[in-house]
Each structure stands twice: as structure tokens, then as C-alpha cells.
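Listed below are the residues making up each chain.
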Amino acid sequence: TKFKRINHFICYSEFVKKYIDDKFKTNAVVIPPAVWIERKKIDKENIILSVGRFTKAMNTKKQEVLIDAFKKMFQKGLKNWRLVLIGSYRSEDIDYFEDIKKRASGFPIEVLGNVSYDDLVSYYNTSKIYWHAAGFGEDLDRNPQRAEHFGISTVEAMIVGCVPLVFNGGGQKEIVENKKDGFLWNSADELIDLTAKLIKSSDMLTSMSSSSEKISKRFSKEVFCNRIKNIVSA
């Protein structure tokens, strides 16, 4: 009966909308969040970046999958590139964070926890490629909560020209246009192969970087405010 007083259900992705509509028998409106990050005039470096909380809880970002993928690339001959994993962690996540650091030891991989916002922005701006693995290896039909519901960090990376390679599940599929501004991958081997292809082609990397910047404007503050205004004035 409370729902009779509600004119609109609003959610932030088509992925979430599916479950809201099924659960509450409604027709939710999708309005993605406004995403912004500071652009800095600094040169890009050969960095693959991933940003997300270090945790084994429901919203785990699967940093171990990314580490193992990068180690395979390194062992196959990848040179002059490094993987940087950045994220927050709480006291209950310290063991997982330390395990991730040990897993990365001996390779050109940086694991940085609870960094400052300025440092985070700098890494976004200097990185060329962005990786995201949330939802990988999960039965998302039975446990959709384990997927990335939207993917704010992916949009942040795209705003500053990082080319995203993200797991093909959850809300990420609504952000990345496969083979245009980034890649959607289904297996760790596919992630490795697509990344290697991108690294080997500077033209592809430059073109996709430009496309990712342009497409990220769909998630600007102006677009978000206009969508909200349209709902309110309807």
C-alpha cells in the first residue's frame, strides 16, 4: 500500500532495474549517477589501473584474478608495464589486503590501500588501461548482488582517457561499448589476450582512449540533472 504514494522508482542501471521490477512489479526509471573526476595535464604512463575496495565480502572486486592475469602476461614477456591496484580497506579486511600484497610480491605490481584522493586522481590521470573483475567466476543468475551494479570507477577512468577492460556482467555492460571504447571480457585468458592486443597497437590504444573520454560524457552532472528535472516536471 505504501507504493501507491510513489510516482517513480529510480535506480542507477538497467541491471538493477531488472531486479527491482521483478521484485516490486513496477517499471523503474534508470538514471545513471553523475560521475566527475579532475583532469590533470600530466603524461600517461604504461600503467594498468584497477580501483576498488579490498574485501572478500559480497562486493569483492576480485583483485586476485587481476594479479594472476598480469603475472601471466609478465611471464610471457610483457615489459615496461606495471599493474596498480588501489582501494580502501577496513579492519576486517586487513588479512585479505595483506594476502593480495603477498600475491603481488616479486612482480611490477603496486597494491595501495587507503590512499589520498589526490594520489588516486593522479593514478587515474597517468594510467593508460583500466581493469575491473567484479562478478567474474560468480553465478550471477543466482547471486546478482556479486556483480558490479553500475561501475563508477570505470567511468572515472574513462573520463581521463583510460581504456577499460571490464568483466562482461552487471552494470558494466551499460558503460563500455565493446570494441569501441573498451572491451568486455568473459575469461581471464580473454582479458590477457585483449590487453596484449591493445598494448601492441598504439593506434588502437589512442583511438579507444579518445572514444572512452567522449562516451563518458553520458554520465556528466549536466546529463544527470536534466534527467532528474524531466522526472520531477513530468
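Heads up: the structure comes first, above all this text.
Residues numbered from 1 in each chain as written. Predicted model: local features only at pLDDT ≥ 70, side-chain atom pairs only at ≥ 80, totals over all residues. Heavy atoms only, no water.

A.B. asks: Quick question: what am I supposed to make of the overall build of the chain here?
C.D. replies: On a plain count of helices and strands, the chain comes out with eight helices and eight strands. In terms of C-alpha radius of gyration, the chain reaches 18 Å, essentially the compact-globule figure of 17 Å for 234 residues. When each of the 234 residues of the chain is scored for burial, the buried share is 47%. Long-range pairs, those at least 24 residues apart, make up 71% of the contacts in the chain with a sequence separation of at least 6. (Helix = DSSP H or I, 4+ residues; strand = E, 2+ residues; numbered from the N terminus. Rg over C-alpha atoms; globule rule 2.2 N^0.38 Å. Buried < 20%, exposed > 50% of the residue type's maximum accessible area, 1.4 Å probe, protein only. Contact = heavy atoms within 4.5 Å.)

A.B. asks: How do you make sense of unusual backbone geometry when you look at a structure like this?
C.D. replies: A negative phi angle characterises most non-glycine residues, just as the trans form characterises most peptide bonds. In the Ramachandran plot, K62 falls in the positive-phi region, its phi being about 60° despite a non-glycine side chain. Following the sequence through the fold, K62 ends up in the loop between β3 (47-51) and α2 (63-75). A relative accessible area of 9% means that K62 is categorised as buried. Positive phi values are uncommon outside glycine, yet N80 reaches one of about 65°. For N80, the position within the fold is in the loop between α2 and β4 (82-87). The exposed category is assigned to N80, whose relative accessible area is 69%.

A.B. asks: Quick question: what am I supposed to make of the nonpolar core here?
C.D. replies: Side chains of nonpolar character tend, in soluble globular proteins, to be buried together. Counting 39 residues, the largest nonpolar core has L83, L85, V111, I129, W131, L165 and L198 as the members making the most contacts within it. Counting residues per element, this core draws most heavily on α2, which supplies five residues. Formed by 25 residues, the second largest nonpolar core is a distinct cluster that contains V51, C162, I175 and F219. (Core = buried A, V, L, I, M, F, W, Y, C linked by side-chain atoms within 4.5 Å.)

A.B. asks: Can you walk me through the environment of K17 in this structure?
C.D. replies: Within the secondary structure, K17 sits in helix α1 (residues 14-24). The exposure class of K17 is buried, given its relative accessible area of 14%. Placed 12 residues apart in sequence, K17 and V29 show a C-alpha to C-alpha distance of 7.5 Å. If near-sequence neighbours (up to four positions away) are discounted, K17 is found in contact with C11, N27, A28 and V30.

A.B. asks: For this particular structure, what's the right way to read the sheet that holds β3?
C.D. replies: Within a beta sheet, neighbouring strands are joined by backbone hydrogen bonds and run either parallel or antiparallel to one another. One open sheet holds the six strands; their spatial order is β5-β4-β3-β6-β7-β8, and the pairing between them is parallel. The open sheet has two free edges, formed respectively by β5 (109-113) and β8 (183-185), since each of these has just one partner strand. Strand-to-strand twist of the sheet, defined as the mean angle between neighbouring strand axes without regard to direction, takes the value 20°. Note that strand β7 (residues 163-167) and β8 share three bridges and pair parallel. Residue pairing for β8: V166 is matched across the bridge by L184. Together, β3, β4, β5 and β6 (129-132) form the strand contacts of helix α4 (residues 117-126), whose direction differs from that of β3 by roughly 135°. Against the sheet, helix α7 (residues 202-215) contacts β6, β7 and β8, and its axis sits at roughly 80° relative to β7. (Pairing = 2+ DSSP bridges. Axes fitted to C-alpha atoms, helices over the stretch in contact; angles between N-to-C directions.)

A.B. asks: How do you make sense of the pattern of salt bridges when you look at a structure like this?
C.D. replies: Between side chains of opposite charge, a pair can form when the charged atoms approach closely. Overall, the coordinates contain 12 salt bridges when judged by the stated rule. With a shortest N-O distance of 2.8 Å, D21 and K17 are connected by a salt bridge. Linking D21 with K17, this pair stays in helix α1, spanning four residues, or about one helical turn. Residue D21 is classed as buried on the basis of its relative accessible area of 14%. The shortest N-O distance in the salt bridge between E92 and R53 comes to 3.9 Å. Remark: R53 occurs in the loop between β3 and α2 and E92 occurs in the loop between β4 and α3 (94-104); sequence separation between them is 39 residues. It is possible to trace a salt-bridge network through shared partners that takes in E45, R82 and E110. (Salt bridge = Lys/Arg side-chain N within 4 Å of Asp/Glu carboxyl O.)

A.B. asks: Please clarify how the layout of surface pockets should be interpreted in this entry.
C.D. replies: The probe, sized like a water molecule, is rolled over the atoms to show the empty space still left. Of the volumes computed, that of the largest pocket is approximately 400 Å³. As for the largest pocket, its lining consists of 25 residues, and the residues nearest its centre are V51, G52, R53, K61 and S153. Among the secondary structure elements, those contributing two or more residues to the lining of the largest pocket are β4, α4 and α5 (152-159). No other element matches the three residues that α5 contributes to the lining of the largest pocket. For the lining of the largest pocket, the class distribution of residues is nine nonpolar, 11 polar and five charged. (1 Å grid on protein atoms, 1.4 Å probe; cavity = no way out; pocket = protein on both sides within 12 Å on 5 of 7 lines; lining within 4 Å. Points joined across faces, edges and corners; volume = space filled by probe spheres on them. Nonpolar A, V, L, I, M, F, W, Y, C, P; charged D, E, K, R; others polar.)

Everything listed here is a matter of geometry and, on its own, says nothing about what the molecule does.
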